Amino acid sequence: MSRITLDPITRIEGHLRIDVEANGGKVTNAWSSAQMWRGIEVILKGRAPEDAWSFVQRFCGVCTTVHAISSIRAVEHALDVEVPLNAQYIRNIMIAQHSVQDHIVHFYHLSALDWVDIVSALKADPKKTAQIAQSISDWPGNSEKEFKAVQDKLKAFVAGGKLGIFATGYWGHPAMKLSPEVNLMAVAHYLKALDYQRKASQATAILGGKNPHIQNLVVGGVATAINTENIATLNMERLIYLRTLMEETRDFVQKVYYPDLLAIAGAYKDWFKYGAGVTNYMAVPEFPEDTKNTKFMLPGGVVMGGNIGGIRMVKDHRDDYLIKNIKENVTHAWYEGNGTLHPWDGETKPDYTDFKENGKYSWCKAPTLDGKPVQVGPPAQIMAAYAAGNPKVKKLVDGAVSALGISLGDIHSTMGRLFCRGARAHVMADLSLDNLDKLIANIASGDQTYANHTVIPKGEYRGVGFHEAPRGTLSHWIVIKNKKIENYQAVVPSTWNAAPRNDKGELGPYEASLVGNPIADASKPLEVLRTIHSFDPCIACAVH
Ligand code: NFC
């Protein structure tokens, strides 16, 4: 039996430690440990509820917009404030573009190199590479000249010993299976993806005033005003520029990212059999299209025990079952006691003990729904949309199932998570443009309202702000007392997925998904990276 510790395991955002035990070439046990705590929930106590959205964006430098949205929704829910349609559409565009940016970065920069061998790309024939790329997509950037230029650049890096952040990759690992040509295609797109993720960030910044950390929210709407006479923060020229950026990123997602994803998935079909782990899932509906958050463009749902057919749809953000049954347990987390508390009564009292594999071993709490661990993220949202018969999602899923020769149940896997994230990006790219069309039509109809001015009243109020973030269901929970924050808790997608064992000793989703993974070479545990990176961990968010 060998014990492997990977610390940090994440690329860029790196406070996640994973320990696995391997026996007979397979993982037999695993521990997920978040290694950093900052205490922003504690800092919020006593502050103004209308300022919370700005503080909580600092949980993270990756998914900043999502915390702003959840927080402002929590206050709006507590005070029963309606959000004007213009504000909903502007928020929706920012949410969708944020997801597009996030999913591009995840696929290429945070996970692709677990599957793509950069060094093998040196052996590729650029002409054959162009033929392969052109056979799966009509994207104009897929030329022999382009692939040759990337290969020459790569050769110069290798010859000069300047592989930089790529120097320590597991190149030549026996579990790497792509041909040199497909590797070259993916490396070329990795570099292109840097430009396109920036364009999506720019789109969010045009509306949000800044990105990361948008500046344009207020309780009851947005502080962005759009005016055709060029006297407001946005005008027609900016909106047309926004459309151009969003069309460019849509084309990249649909004509580069998605075909690359299917090509890689096709070469690694065995990874639709590993990494299922916890098969309880939750997604909340997203992209509201009314002022009361009761009608949504994408549905949510809860799947228990992998039973997709038995999905319980989540209708809106006032779902009693979720509001009552989401709790957090700290038996194995570095906080006082071993209690399971509802977030409105939640506590964040640090109690560090060092890593004790049978005791407390992580800063991450263990969230539960109805007492059970739950996996959140794109698979849950894709399953809910599929079950609700969303035509676009059905087409993508059915198309992939038939092209790859897999079954719907294969979504419960490491490759299933990568596939669902790509399918979600595909949908987000279109939804961004749909929401822009709706915004322009609504303004043209004469609606000039962007916010319902809200003053925090005296008294006690409780609210929850749900949001379907790129990594899954996010909820911010607020208790307001006499105009101040009495309590604040965030239950974050990566908190659900990175959770340690709960009070019953059940493994969290990262942990459970590793059990049964193959390990070809214990000194280079590439397979562990594949499964963990498929969740796109963000530990700054998970622990906050
Ligand atoms: Ni940071 Fe977030 C984490 C997301 O799980 N998506 O809601 C927060 O980060 O990437």
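In what follows, the accompanying structure is described. Just so it is clear, the model here is predicted, and its values are computed rather than measured.

1. Notes on the coordination of the nickel atom of the ligand
Logical step 1: Taken together, Cys60 (SG), Cys538 (SG) and Cys541 (SG) make up the protein donors of the nickel atom of the ligand, found 2.3 to 2.4 Å from the metal.
Logical step 2: For the nickel atom of the ligand, all donor residues lie on one chain, and their spacing in sequence is C-x477-C-x2-C.
Logical step 3: Between the nickel atom of the ligand and the iron atom of the ligand the interatomic distance amounts to 3.0 Å, and Cys541 serves as a bridging ligand to the pair.

2. Structural notes on the sheet that holds strand E13 (residues 366–369)
Logical step 1: Strand order in the open sheet formed by three strands is E12-E11-E13, and the pairing between neighbours is antiparallel. Lying at the two open borders of the sheet, with one neighbouring strand each, are strand E12 (340–341) and E13.
Logical step 2: As defined by bridge partners, strand E11 (residues 326–329) adjoins E12 across two bridges and the pair is classed as antiparallel. Bridge pairing in E12 links Asn329 to Thr340.

3. Re the coordination of the iron atom of the ligand
Angles between donor atoms at a metal ideally measure 109.5 degrees for a four-coordinate tetrahedral arrangement and either 90 or 180 degrees for a six-coordinate octahedral one.
Logical step 1: Around the iron atom of the ligand, the protein supplies Cys63 (SG) and Cys541 (SG) as donor atoms, at distances of 2.3 to 2.7 Å.
Logical step 2: Looking at Cys63, the relative accessible area reads 5%, which means it is buried.

4. A closer look at helix H8 (residues 236–267)
Logical step 1: Compared with an ideal rise of 1.5 Å per residue, which puts 32 residues at 46 Å, H8 spans 46 Å between its outermost C-alpha atoms and is within 8% of the ideal.
Logical step 2: With a side-chain oxygen positioned 3.1 Å from the backbone nitrogen of Glu237, the residue opening H8 is Asn235.

5. Description of the pattern of salt bridges
Logical step 1: For the structure on display, the rule yields 29 salt bridges.
Logical step 2: Among the ionic pairs, Glu347 bridges to Lys349, the shortest N-O distance being 3.9 Å.
Logical step 3: Two residues, Arg462 and Glu460, come together in a salt bridge whose shortest N-O distance is 3.7 Å.
Logical step 4: According to the relative accessible area criterion, Glu460 is partly exposed, its value standing at 46%.
Logical step 5: Each of the salt bridges in this network shares a partner with another, and the network as a whole consists of Arg3, Arg17, Asp19, Glu21 and Glu357.

6. Thoughts on the nonpolar core
Logical step 1: Grouped together as the largest cluster of nonpolar side chains are 158 residues, with contacts concentrated most on Ile18, Ile104, Tyr108, Leu217 and Val528.
Logical step 2: Sort the elements by how many residues they give to this core and helix H12 (residues 414–444) lands first, with 14 residues.
Logical step 3: Beyond its immediate stretch of four places on either side in the chain, Val528 contacts Leu6, Ile9, Ile18, Val20, Leu514 and Ile519.
Logical step 4: If you look at the next biggest cluster of nonpolar residues, it comprises 17 residues, including Met282, Val284, Leu369 and Phe466.

The rules we used
Residues numbered from 1 in each chain as written. Predicted model: local features only at pLDDT ≥ 70, side-chain atom pairs only at ≥ 80, totals over all residues. Heavy atoms only, no water. Donors = N, O, S within 2.8 Å, 3.2 Å for Na, K, Ca; no water. Pairing = 2+ DSSP bridges. Helix = DSSP H or I, 4+ residues; strand = E, 2+ residues; numbered from the N terminus. Buried < 20%, exposed > 50% of the residue type's maximum accessible area, 1.4 Å probe, protein only. Expected span 1.5 Å × (residues − 1). Polar contact = N/O pair within 3.5 Å; in protein donor to acceptor, adjacent residues only side chain to side chain. Salt bridge = Lys/Arg side-chain N within 4 Å of Asp/Glu carboxyl O. Core = buried A, V, L, I, M, F, W, Y, C linked by side-chain atoms within 4.5 Å. Contact = heavy atoms within 4.5 Å.

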